[in-house]
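# Structural features, examined
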Amino acid sequence: MAMPPISRVQDDPGLPGQVDVAVIGGGIAGVAAAYFLAKAGRSVALLEKGVVAGEQSSRNWGWCRVQNRDEREIPLMLRSQEIWDGLAAETGGDYGFRRDGLVYVTRSESEMARWQAWVDMARQYQVHSRMLTAEEARAATPGNDGAWIGGVSSPRDGMAEPFKAVPALAQAAQKLGVTIHQRCAVRGLDMVAGRVAGVITERGRIRTDAVLLAGGAWSSMFLRRHGVDLPQTSVRSTVFLTRPAPEVTKGGIYTPDITISRRGNGGYIVAARNRGRIEVTPGGIRHARKFWPTLVSRWNSVSFGVGASFFRGPDALAGKWSFDGPAPYEAEDMRVLDPAPSRGVEEPGLEQLAKSWPALAGTKAEATWGGWIDSTPDAVPVIAPIDALPGLFLSTGYSGHGFGIGPGAGRLAADLILGTNPVVDPRPFRLERLVDGSPIQEPGMI
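Anyway, here's the lowdown on the structure attached to this text. These numbers come from a predicted model, not from an experiment.

Running from amino to carboxyl end, helix α1 (residues 28–39) crosses helix α5 (residues 165–175) at an angle of 25°, the nearest separation of the two axes being 9 Å. The orientation of α1 with respect to α5, classified from their angle, is roughly parallel. Relative to α5, the crossing made by α1 is left-handed. Here I28, V31, A32 and Y35 of α1 come into contact with α5, specifically with V166, L169, A170, A172 and A173. Residues belonging to the contact of α1 with α5 are distributed by class as follows: 9 nonpolar, no polar and no charged.

Structure (structure tokens):
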């Protein structure tokens, strides 16, 4: 197993006795919310069972895109891009954000039709994506002879550096007064008279009347301990990072064969043609009916299996653990979810990289890692108050595309907690859409 080369964040000594808001989870959703809450003058404690950005927030492609998102996410993603644009100047941190564009190319007429439908829909949001002819697709992928019939380009989209962006934002939040506590798991909520009165951590209690749960893959287990059902399951993925190599793109390119993302240091994050793996787990079985329509629509893009995650991990069966003792995610190998990368990804991926771009022949891998992607049945996150537990707010289920939208999601969560005018309409992100018995809306393009 290998973890991405994450920039480390310094812990704050000691737990505060009381804060305005406690944030559970040190990924981009939690860190961004903490930042915006502190900007609004609130005292915040950020509590992370492992390390800041240790899980999916550092294990992704780094893409900050509007292109091909579900329509419900477009307004929030546009706001996120505006935030990305200004973060470095606002905080003095290095996020590696740049709008170098993203290109998608294909050999499939049906894929072209789906992209065209998305571009037509997105015009109402003033999105600057455009379809590419076969000749334009070849010109947009220099050095690659993929016999493309066309593609789509999103020149205003871009990427940031997943290994350092979230730690940089966490450090900016600390400068505003947020205290950060790593290796400090929250075992549960302290409820008094039916509403949140604090959090119980492995180091002690913190009094607060507002809690944001941004626990990623662990959110469903945490909520189930408190009697709230969240239909969420996990998909295992594998990517690898190369050493610095010749530039064949400044941004990112998706092809049917391989996807590459150029890093600031000259290397590439590579996602070869390995399918996401869904492991059969108690959590997945519980919510199988809700996920079935999405699984059918994406049958060819996932594989299935049974592994250790059936017995241990965020989708395993967990009872009502005592808040006086360790929670399941306090086990040392659960502090940071670091699943073994899928076998047979790196070597074939490097071969495909050389085949797709001969200029990259001989490129070596620097690191390969797996990740658990927290997913909802409609592949749209939940960012909402939890009515059954007054004082608790939720930000989770980003379904593999949460890094880019993270700053806007953090801003929306902060707005909901503060009771101020939300940055976008929050209704598409309600939990009730997944649990009220209504048919689950299948995801748009993501």
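Running from amino to carboxyl end, helix α2 (residues 74–91) crosses helix α10 (residues 402–418) at an angle of 95°, the nearest separation of the two axes being 7 Å. In terms of their interaxial angle, α2 and α10 are classed as roughly perpendicular. Residue-level inspection shows L76, M77, R79, S80, I83 and W84 of α2 in contact with α10, the latter providing F403, G404, I405, G406, P407, G408, A409, R411 and L412. For the contact of α2 with α10, the class distribution of residues is 9 nonpolar, 4 polar and 2 charged.

Moving on to the sheet that holds strand β8 (residues 179–182). Strands pair in a sheet through their backbones, by hydrogen bonds, and they do so in one of two ways: parallel or antiparallel. Taking strand neighbours across the sheet as the criterion, the 6 strands line up as β8-β2-β1-β12-β21-β20 in an open arrangement whose pairing is mixed. With partners counted over all chains shown, the strands left at the sheet margins are β8 and β20 (382–385), one partner each. Taking each pair of neighbouring strands and ignoring which way they run, the sheet shows an average axis angle of 15°. Alignment of β20 against strand β21 (residues 392–396), held across 4 bridges, turns out to be antiparallel. When the sheet's bridge partners are listed, V382 is paired in β21 with T396. Strands β1 (21–24), β2 (44–48), β12 (211–213) and β21 of the sheet are contacted by α1, whose axis makes an angle of about 170° with β2. Packing of α10 onto the sheet brings it into contact with β1, β12, β20 and β21, and relative to β20 it is tilted by some 10°.

Across all of its chains, the model carries 11 aromatic pairs by this definition. Here the aromatic residues W61, W63, Y104, W115 and Y254 are joined through ring pairs into a cluster of three or more. The aromatic ring of W321 is capped on one face by R225, whose charged end is 6.0 Å from the ring centroid.

Now for empty space enclosed by the protein. What the rule picks out here adds up to 1 cavity of 30 Å³ or more. By volume, the largest cavity amounts to about 570 Å³. For the largest cavity, the lining is made up of 41 residues, of which G27, A214, G215, G216 and A217 are closest to its centre. A class-by-class count of the residues in the lining of the largest cavity yields 20 nonpolar, 17 polar and 4 charged.

The full count for this structure, using the stated rule, is 25 salt bridges. E90 is the partner of K39 in a salt bridge, and the nearest nitrogen-oxygen pair spans 3.1 Å. Here K39, found in helix α1, pairs with E90, found in helix α2; they are 51 residues apart in sequence, far enough to count as distant. What makes K39 partly exposed here is its relative accessible area of 46%. With relative accessibility at 44%, the residue E90 sits in the partly exposed group.

Judged by pairing direction, the sheet is antiparallel, and its 3 strands sit side by side in the order β9-β10-β11 without closing on themselves. Pairing within the sheet leaves two strands with one partner each, and these edge strands are β9 (186–192) and β11 (204–207). For this sheet, the mean inter-axis angle between neighbouring strands, taken without regard to orientation, is 30°. For β9 and strand β10 (residues 195–201), the ladder comprises 6 bridges, and the chain directions are antiparallel. Pairing of L189 across the sheet is with V199, part of β10.

We now examine the pairing of strand β16 (residues 268–272). Looking along a regular strand, one sees side chains alternate from face to face of the sheet. Buried residues dominate β16, accounting for 5 of its 5 residues. Burial of the side chains of β16 extends over both faces: Y268, V270 and A272 are buried on one face and I269 and A271 on the other. Of the pairings in the sheet, the one linking strand β13 (residues 233–242) to β16 comprises 2 bridges and is antiparallel in character. Of the residues in β16, the one forming a bridge with L241 is I269. Looking at chain direction, strand β15 (residues 258–262) and β16 are connected through 5 bridges and run antiparallel. The residue of β16 that forms the bridge with S261 is I269. Between β15 and β16, which pair antiparallel and follow one another directly, the connecting turn spans 5 residues, one of which, G266, has a positive phi of 95°.

Cut-offs applied
- Once a new chain begins, its residue numbering starts again from 1 and follows that chain's sequence as written.
- Local features are withheld for residues below a pLDDT of 70 in this predicted model, meaning they are given only at 70 or higher, and side-chain atom pairs are given and counted only at 80 or more; totals for whole chains, interfaces and linings count all residues.
- Heavy atoms throughout the structure, all of them, feed into the side-chain values; hydrogens and water do not.
- Helix axes use the C-alpha atoms of the stretch in contact, all axes being lines fitted to C-alpha atoms, and the angles between their N-to-C directions lie in the range 0 to 180 degrees.
- In this description a helix means any DSSP run of H or I spanning at least four residues, a strand means any run of E spanning at least two, and both kinds are numbered starting from the N terminus.
- Every angle not falling under 35 degrees, over 145, or within 65 to 115 is termed oblique; those three ranges are roughly parallel, roughly antiparallel and roughly perpendicular.
- By convention the crossing between two helices is left-handed if the near helix lies anticlockwise of the far one by an angle smaller than a right angle, and right-handed if it lies clockwise.
- The criterion used for residue contact is that any of the two residues' heavy atoms lie within 4.5 Å.
- Lys, Arg, Asp and Glu make up the charged group, whereas Ala, Val, Leu, Ile, Met, Phe, Trp, Tyr, Cys and Pro make up the nonpolar group; the residues left over, Gly among them, are polar.
- Paired strands, in this sense, are two strands between which DSSP finds at least two bridges.
- What counts as a ring pair is set by centres within 6.5 Å for rings of Phe, Tyr and Trp (its six-membered ring), and what kind of pair is set by the plane angle: stacked under 30 degrees, edge-to-face over 60, tilted for all other angles.
- Only lysine NZ and arginine CZ atoms are considered, and such an atom sits over a ring when it is within 6 Å of the ring centre and within 35 degrees of the ring normal.
- Grid spacing is 1 Å over the protein atoms alone, the probe is 1.4 Å, and a cavity is where that probe fits but cannot get out, while a pocket is an open set with protein on both sides within 12 Å along at least five of seven lines and lining residues have an atom within 4 Å of a point.
- Grid points are joined across faces, edges and corners, and a volume is the space filled by probe spheres set on the points.
- Just to be clear on terms, a salt bridge is a Lys or Arg side-chain nitrogen sitting within 4 Å of an Asp or Glu carboxyl oxygen.
- Think of it in three bands: with a 1.4 Å probe and only protein chains considered, a residue is buried below 20% of the maximum accessible area for its type, exposed above 50%, and partly exposed in between.

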